[in-house]
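Survey of secondary and tertiary structure
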There are 2 protein chains.
Amino acid sequence: MADSWPTSDPSGPLPASSGAASSGSADSGPTDSGPEASGPASPGVDLHLDLAAAPGSGGRRAALERALRDAVQGGRLAPAARLPSTRRLAEQLGLSRGTVKAAYDQLIAEGYLTARQGSGTVVAERPGAPSPARPPASGAQPPPRHDLRPGSPDVTSFPAAAWLRATRRALAAAPSATFDYGDPRGTLQLRTALAGYLGRARGVVADPERIVVTSGYVQGLALLVAVAARVVAMEDPGLPFHREVVRRNGGQVVALPTDGRGARTGLLGGAVDAGAVVVTPAHQYPTGVTLHPSRRHALAAWARSGGGLVIEDDYDGEFRYDRQPVGALQGMAPDHVVYLGTASKTLGPALRLGWMVLPPRLVGPVAEAKLYGDFHTGAIGQLALAELIGDHGYDRHVRAVRLRYRRRRDLLVSRLAGRYAPSGIAAGLHALVRLDPRGPDEAEVRRRAARAGLALGTLGDHWHTPAGGGVQDGPQDAALDGTAESAPDRPQGLIIGYGTPGEGGYPAALDALVRVLRD
Amino acid sequence: MADSWPTSDPSGPLPASSGAASSGSADSGPTDSGPEASGPASPGVDLHLDLAAAPGSGGRRAALERALRDAVQGGRLAPAARLPSTRRLAEQLGLSRGTVKAAYDQLIAEGYLTARQGSGTVVAERPGAPSPARPPASGAQPPPRHDLRPGSPDVTSFPAAAWLRATRRALAAAPSATFDYGDPRGTLQLRTALAGYLGRARGVVADPERIVVTSGYVQGLALLVAVAARVVAMEDPGLPFHREVVRRNGGQVVALPTDGRGARTGLLGGAVDAGAVVVTPAHQYPTGVTLHPSRRHALAAWARSGGGLVIEDDYDGEFRYDRQPVGALQGMAPDHVVYLGTASKTLGPALRLGWMVLPPRLVGPVAEAKLYGDFHTGAIGQLALAELIGDHGYDRHVRAVRLRYRRRRDLLVSRLAGRYAPSGIAAGLHALVRLDPRGPDEAEVRRRAARAGLALGTLGDHWHTPAGGGVQDGPQDAALDGTAESAPDRPQGLIIGYGTPGEGGYPAALDALVRVLRD
């Protein structure tokens, strides 16, 4: 009978009035004028409460409080149950009466117990035990055996040692104000480091005053939708998740078709009516096309002429393999283009570190939206990244993984040679493998891949609408890879993310891909 | 004449058509079929470009590209200016013609230059240099000499060494998947650690499945407003910043008056009509009142009966000085109360780490809103905090700073003894010092304090409306500190934050306060 408590007291109804334990000056708790707990005890109460079963710090009084709290929370002590008098419980447990009274008082202060003048201490009215928690819908899937889905870098390459060193330096150098609330735009150290890096490596017109550090690309996009972009044109095909980010933050998405020269910018202000456009100029997601220079000009001109805001998603601009990276579009019209970059592909998504380079007029509104959204992004990660950029460890890491990804890309191309010529391979961490209209389609390939334990993406995952519709190709636009004209249906293709597998798992993943495509 | 470039070419108008450099398959950039740059060179072009002035990595071609890009971005090379032929510039700079051509091609790909069939390479059409960035309105104020404003802990106490050790352990233990995109609810490690800690230290009914890790309290409140709370009752007085968080995220704020027993919960569902209420039961902000047990019951009953959602802001629950902390209200009605906690007061606001313990039905919607807001909170900080909680370093730190704050509180009380009796001092990092209606009022004290270089808060900073209005006190409610009845005007008082100054600066800040109050 250890741990057993009476679960109710049938001896009588409770008074209806809510007798207060104390009439409360601001600070006096109910300890000062607490309940008289020596009223008639429940008949037959026989407590064998094992205080050792409620381990923790704080002595016997604290143990008793925990035991009582657990008993009420867990439903073992039901609402309206009358507790033994302090004297009686003290005797039973071998505690002083003062200890028991203090524990009762504490639980009265917390609302678990109620003191009734003349009727002792009872369990407060509350429903039974809490319902068990349900895991949310977003349950984790088991990882596939071979993961060639696009979207993640090789996280086995995360430079944990360099990150730790950078954190140590950052903490050593930080004045104590660093640990207080900070500038919603981010730390000056990181904004300064980014201004230098982005100007140097990405051709961005950046100074610290126009940068806002974010908790990643998603937050940057969400902030822009809240502040400056209600109807947003987004590339078709493109990442569905980002479209949903726009919608969830109050925006409306319209499709901007793409072709072999990238986003069809000529449609903006015409068939595609939007106040803002999100583009991936360096490496269109998912087709891998680099935005054609004429389109870059058209886009910059559209923005400058008041057509709307251009949001440049430079998600993998650091990874260009065959020549120097194409500089950021933002450099052409820095007062009309927002540049969004991230450490997710270069270091790792888990850092949740991104940055926006904004036209000056948007800095204030975006910083304010950030302030009321999450105040600012955590400072220690920001300072570590600033250290890593400052001592060129960031560049070294980017160069090292760029080499690795390039080898992976080359291996992909060579393994598919003769049958498939992946496109979009000049940059980034993924390639488009067009499927022959006469062969198996996306659905069939995906079925085969699933049987082989291989996960991959498809073009079909990325269209705005399931099939057809939207704006038709104009005569001046080259179709995607030049073939869509002869195929009125949408092209079919696989999106192969070659960043995802760890270094050891990549060859086997390619083997699986080759087998699936050969069958 | 070093670094000088021709700024325009008066020799003739540019062709109107936008001649494309290449007809673009997906990956071929303009290098493959780039412009013929050997057209007629500008007469009189004489370039002395000092490539050493554009330092950086990547060799002479990269240096030339940077120099050209800088010149265009900076306005030295104006739109429509014609560049020298590749041959001529190669001769001038002592480079191979191929190098110059590659640099031109790169800048054409980036949109800075345009190739004209038969007329060489010109600077692309774009407006002049970007306008200089304006600093946003949120400029930093110089810190006051003596800072007794409430809201921040003593950030000189941030346990940087312990945090670094915890980070090291977290990184050493982390499987590589840790560095990828993660669960929007937060890492399982931190949710598990928090479930144990909050149950043990705060009486919260918590299991990892009902916890969502946030980037601080502000984000938690913002998420709740977006998901579950449109009309939100908030304590009056209370923190204006939090009211603005509600409004900025689409919520509407109504005032819930407080008195000497805390929030006047009896008004909910009556005079105060709201679907949710934010309360600070452990230590009302800013009056410091602990919510009376009868009010706790009433609030839990209101929530359970479908009255609305209770949002428990437990911002400083760890700091209770004279007896064990009052347990969380959430423990009484875990299916109807959201518990919000934060590391901001215990460790430091800059970490931007907070947590929500949710009724199970809200876990999915809140996690989804978080996903589309910023995906999840940075993982490395989460893992470091989990380590710190797991090895009880967190508890040790909390105990250590609690002792320190208690000494500060005692010093505050003793320094003001005889003239003022601060209230709200049982817990937290701030106290309310009521001003005598016959003496100087808040505005006058603030003026005197400003002259002494002393910053502090006032009750007047915290009312919902500038004066009067709102719901009147009911007969059953004790007025704030029992005196508001005799003073129909709102009570006047100072809010003294004794957490803010560094350990060394606190006595001097108190000296300043005493002088200001004595004058």
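Residues numbered from 1 in each chain as written. Chains lettered and ligands numbered in written order. Predicted model: local features only at pLDDT ≥ 70, side-chain atom pairs only at ≥ 80, totals over all residues. Heavy atoms only, no water.

1. Thoughts on the nonpolar core
The biggest cluster of nonpolar side chains holds 128 residues, and the ones touching the most others in it are Trp163 and Leu513 of chain A together with Trp163 and Leu513 of chain B. Look past the residues within four positions of leucine 513 of chain B in its chain and what remains in contact with it is Leu148, Leu412, Leu416, Leu454, Leu456, Leu494 and Ile496 of chain B. Listed in part, the 40 residues of the second largest apolar core include Val277 and Leu299 of chain A together with Leu95 and Ala115 of chain B. (Core = buried A, V, L, I, M, F, W, Y, C linked by side-chain atoms within 4.5 Å. Buried < 20%, exposed > 50% of the residue type's maximum accessible area, 1.4 Å probe, protein only. Contact = heavy atoms within 4.5 Å.)

2. Quick look at the side chain of aspartate 147 of chain B
Residue and element names in this part refer to chain B. With respect to the helices, strands and loops of the structure, aspartate 147 is situated in strand E3 (residues 146–148). Given the relative accessible area of 17%, aspartate 147 is considered buried. Here the side chain of aspartate 147 touches arginine 149 through a polar contact of 2.9 Å, side chain to side chain. If we skip the residues at most four places from it in the chain, aspartate 147 touches Ala455, Gly497, Thr500 and Pro501. (Helix = DSSP H or I, 4+ residues; strand = E, 2+ residues; numbered from the N terminus. Polar contact = N/O pair within 3.5 Å; in protein donor to acceptor, adjacent residues only side chain to side chain.)

3. With respect to the pairing of strand E1 (residues 113–116) of chain B
Residue and element names in this part refer to chain B. By the alternation rule, side chains of E1 split into Leu113 and Ala115 and Thr114 and Arg116, which are all buried. Looking at chain direction, E1 and strand E2 (residues 120–123) are connected through four bridges and run antiparallel. The residue of E2 that forms the bridge with leucine 113 is valine 123. Once E1 ends, the chain turns through three residues before running back antiparallel as E2, passing glycine 118 with a positive phi of about 80°. (Pairing = 2+ DSSP bridges.)

4. Description of the packing of helix H10 (residues 379–390) of chain B against helix H11 (residues 393–416) of chain B
Residues and elements named next belong to chain B. For the pair H10 and H11, interaxial distance at closest approach is 4 Å and the crossing angle is 75°. In terms of axis orientation, H10 runs roughly perpendicular to H11. Listed contacts from H11 to Leu385, Leu388 and Ile389 of H10 are Gly393, Tyr394 and Asp395. (Axes fitted to C-alpha atoms, helices over the stretch in contact; angles between N-to-C directions. Parallel < 35°, antiparallel > 145°, perpendicular 65-115°, else oblique.)

5. Some points on the pattern of salt bridges
Scanning the entire structure with this criterion turns up 53 salt bridges over all chains. Here arginine 415 of chain A makes a salt bridge to aspartate 511 of chain A, at a shortest N to O gap of 2.6 Å. Of this pair, arginine 415 of chain A sits in helix H11 (residues 393–416) while aspartate 511 of chain A sits in helix H13 (residues 506–518), and the two are 96 residues apart along the sequence. On the basis of relative accessibility, which here comes to 29%, the residue aspartate 511 of chain A falls in the partly exposed class. With a closest N to O distance of 3.7 Å, aspartate 183 of chain B and arginine 191 of chain B form a salt bridge. (Salt bridge = Lys/Arg side-chain N within 4 Å of Asp/Glu carboxyl O.)

Coordinates in, geometry out; function isn't part of it.
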